[in-house]
Amino acid sequence: MHELTIQGVGTVEVEEGTRLVRAIEDSGVEIGHRCGGQSQCTTCRVEFEEGEPEVMTEVEYEKLTDIGQFGDMRLSCQIVVDRDMTVNPLMTVEDQGWDDAGPEPAIMVEPDAEWFPITTLEQK
Ligand code: FES
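Before going into details, it helps to say that this report is about the structure given with it. (Residues numbered from 1 in each chain as written. Predicted model: local features only at pLDDT ≥ 70, side-chain atom pairs only at ≥ 80, totals over all residues.)

A separate point is the environment of Glu-54. Its place among the elements puts Glu-54 in the loop between strand E3 (45–50) and strand E4 (55–57). Sequence separation of Glu-54 and Thr-119 is 65 residues, and the distance between their C-alpha atoms is 7.7 Å. (Helix = DSSP H or I, 4+ residues; strand = E, 2+ residues; numbered from the N terminus.)

Structural data, given as structure tokens:
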């Protein structure tokens, strides 16, 4: 188990390997996942205060570089909880005025995750 701290909300225990977007939602924060966890919508975006993984999926890298946010934030649908983490969810149902957060993300990271060390990825 790992501790997930959500800024302004509190700390919860999360099982190893849980998809971060699901862990945040399970904690009671209605974080966006408008594409259902497919690395398309970027509404699951978070800032890391502590515990940022040093690997990134190829699709997260492509999306973050597309929108010019590589190095500024992460997509929680592309991350699994494998350590203690402190995050700040940036788009929620409440602050965006959505009717709901979006389709439920699958248990496992989608699309098929290919992980790369961030140090090997470049700012485009
Ligand atoms: S990019 Fe859409 S849920 Fe993560």
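What follows concerns the environment of Thr-92. Here Thr-92 lies in the loop between strand E6 (85–89) and helix H3 (93–96). Given 16 C-beta atoms within a 10 Å radius, Thr-92 is considered partly exposed. Sequence spacing of Thr-92 and Glu-114 is 22 residues, and the spatial spacing of their C-alpha atoms is 27 Å. The residues contacting Thr-92, other than those within four sequence positions of it, are Val-29, Glu-30, Ile-31 and Gly-32. (Buried ≥ 20, exposed ≤ 12 C-beta atoms within 10 Å, placed from the backbone. Contact = placed C-beta atoms within 7 Å.)

This part covers the pairing of E6. Residues Met-85, Val-87 and Pro-89 point to one face of E6 and are all buried, whereas Thr-86 and Asn-88, pointing to the other face, are not buried. As defined by bridge partners, strand E1 (residues 2–6) adjoins E6 across three bridges and the pair is classed as parallel. In the sheet register, Ile-6 faces E6, and the bridge partner there is Val-87. (Pairing = 2+ DSSP bridges.)

It is worth spelling out helix H2 (residues 58–66) at this point. By the burial criterion, the buried members of H2 are Val-59, Glu-60, Tyr-61, Lys-63 and Leu-64. Taken from the residues just after H2, Gly-68 is the one with a positive phi, measuring 70°.

The subject of this paragraph is the pairing of E1. The sheet contact formed by E1 and strand E2 (residues 10–14) spans five bridges and is antiparallel. Residue pairing in the sheet places Thr-5 in a bridge with Thr-11 of E2.

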